[in-house]
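Here's the letter readout for the chains.
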Amino acid sequence: MGLAYPTISSWGSPSILNSIEKANNLYPSFTMCLIPNRASIALGADVSSNNAYQWTAITQQEYYSIYLTDVAVAGQSLGISPSKLNANQVIVDSGTTLLIVTNGVMKAFQNRLQSMCSTVNLPGVCDGGALFQGQCVSMTSSDIANFPSLSFTAKGTSSLAISGSQYLLNNLDDNGNPTDQYCLGIQSQDGIPMILGDVFMQNFAIAFDRKTSKVGFAPTSVCP
């Protein structure tokens, strides 16, 4: 849709968003809610004074890059330094379905889940690690509830957590109906930005304020 900064344009033209804002004299900001079955976007919404939002600076005006200070599982840090987390930027991007992390974050996440196997059974983790091999596995709602939260802390925010029910994606059948098969909605790759995609974004109302050069995160209760 052209929601990023016009600096990434290969032909140097204003983005669709910039054109809409200029034509309608809108405040240079938009807010997204990616809640399943009730997603919405508000153009020109100024929520800069809304106390429900936590704000972090946009570090590069290309995509919406932010600075992460920590990644944690069940509230416990994975111990990965900010310099490693931000080595290739971290961007918030609704154009990416999954959550893309570094290989180091993925390995630490896997290790943390495996360390839970002495007290709880996590399908696809405690029985060979199929989830981390790109496979989908059978799970009940109780199984999913046993998966811990995964949280990201940006500079200036508290931890922004998503639950197992959000990073475990249901593998629909050929007719689009739910099954008992779930896959990990997280992939890893080094050498590219870490991408907080839809898997992460669905748990928040997220404001992209280009006037103040900040990204804001609020509970989905503020969504329409």
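(A) Main features of the overall build of the protein. Scanning the protein for helices and strands turns up six helices and 17 strands. Relative to a compact globule of 224 residues, whose C-alpha radius of gyration would be 17 Å, the protein shows 18 Å and is just as compact. Along the three orthogonal principal directions, the C-alpha set of the protein runs to about 55 × 45 × 35 Å. Expressed as a percentage of its 224 residues, the buried residues of the protein come to 44%.

(B) Region of interest: the pairing of strand β11 (residues 159–162). Residues of β11 alternate between two faces, with Leu160 and Ile162 buried on one and Ser159 and Ala161 left unburied on the opposite face. Note that strand β10 (residues 150–154) and β11 share four bridges and pair antiparallel. Residue pairing in the sheet places leucine 150 in a bridge with isoleucine 162 of β11. What sits between the antiparallel neighbours β10 and β11 is a turn of four residues, in which glycine 156 has the positive phi angle 95°.

(C) Geometry of the sheet that holds strand β9 (residues 137–138). Taken together, three strands build an open sheet; the order of strands is β9-β13-β12 and the sheet is antiparallel. The open sheet has two free edges, formed respectively by β9 and β12 (168–170), since each of these has just one partner strand. Relative to strand β13 (residues 181–184), β9 is paired through two bridges, and the arrangement is antiparallel. Within β13, the position partnered with serine 138 by the bridge is glutamine 181.

(D) Region of interest: helix α3 (residues 103–114). With twelve residues, α3 ought to run about 16 Å at 1.5 Å a step, and its terminal C-alpha atoms sit 16 Å apart, in line with that. Those residues of α3 not exposed but buried are Val105, Met106, Ala108, Phe109, Gln110 and Leu113.

(E) The arrangement of the layout of surface pockets in detail. Estimated volume of the second largest pocket: approximately 240 Å³. Lining the second largest pocket, in full, are Leu34, Ile35, Pro36, Asn37, Ala39, Thr97, Ser165, Gln166, Leu169, Asp198, Val199 and Gln202. Secondary structure elements with two or more residues in the lining of the second largest pocket: α5 (164–167) and α6 (198–201).

(F) Main features of the state of the cysteines. With the rule as written, the count across this model stands at three disulfides. A sulfur-sulfur distance of 2.0 Å marks the disulfide that ties cysteine 33 to cysteine 223. Its torsion about the S-S bond being -90°, the disulfide of cysteine 33 and cysteine 223 is classed as left-handed. Residue cysteine 33 is found in strand β1 (residues 29–33), and its partner cysteine 223 is found in the segment after β17 (214–218); the two are separated by 190 residues along the sequence. If the cysteines joined by disulfides in the protein are listed in sequence order, their pairing comes out as 1-6, 2-3, 4-5.

(G) Main features of the pattern of salt bridges. Counted under the stated rule, the structure contains one salt bridge. Arginine 210 is the salt-bridge partner of glutamate 21, the closest N and O atoms lying 2.3 Å from each other. In this pair, glutamate 21 sits in helix α1 (residues 16–24) while arginine 210 sits in the loop between β16 (205–209) and β17, placing the two residues 189 residues apart along the sequence.

(H) Examining the nonpolar core more closely. Core analysis: the biggest nonpolar cluster contains 57 residues, and Leu99, Phe109, Leu150, Tyr167 and Phe200 have the highest contact counts within it. Looking at this core element by element, the count peaks at five residues for α3. Among residues more than four places away in sequence, those in contact with phenylalanine 109 are Val73, Leu78, Phe132, Leu150, Tyr167, Leu184 and Ile186. If you look at the next biggest cluster of nonpolar residues, it comprises nine residues, including Ile35, Val47, Trp55 and Cys223.

(I) The arrangement of unusual backbone geometry in detail. You will see that asparagine 37, though not glycine, has its phi angle at about 75°, which is positive. Tracing the sequence through the fold places asparagine 37 in the loop between β1 and β2 (40–43). Residue classification places asparagine 37 among the exposed positions, given a relative accessible area of 87%. Look at serine 213: it is not a glycine, yet its phi comes out positive at around 55°. Along the chain, serine 213 falls in the loop between β16 and β17. Serine 213 gets classed as buried once you look at its relative accessible area, which sits at 19%.

Rules of the game
Residues numbered from 1 in each chain as written. Predicted model: local features only at pLDDT ≥ 70, side-chain atom pairs only at ≥ 80, totals over all residues. Heavy atoms only, no water. Helix = DSSP H or I, 4+ residues; strand = E, 2+ residues; numbered from the N terminus. Rg over C-alpha atoms; globule rule 2.2 N^0.38 Å. Buried < 20%, exposed > 50% of the residue type's maximum accessible area, 1.4 Å probe, protein only. Pairing = 2+ DSSP bridges. Expected span 1.5 Å × (residues − 1). 1 Å grid on protein atoms, 1.4 Å probe; cavity = no way out; pocket = protein on both sides within 12 Å on 5 of 7 lines; lining within 4 Å. Points joined across faces, edges and corners; volume = space filled by probe spheres on them. Disulfide = S-S within 2.5 Å. Salt bridge = Lys/Arg side-chain N within 4 Å of Asp/Glu carboxyl O. Core = buried A, V, L, I, M, F, W, Y, C linked by side-chain atoms within 4.5 Å. Contact = heavy atoms within 4.5 Å.

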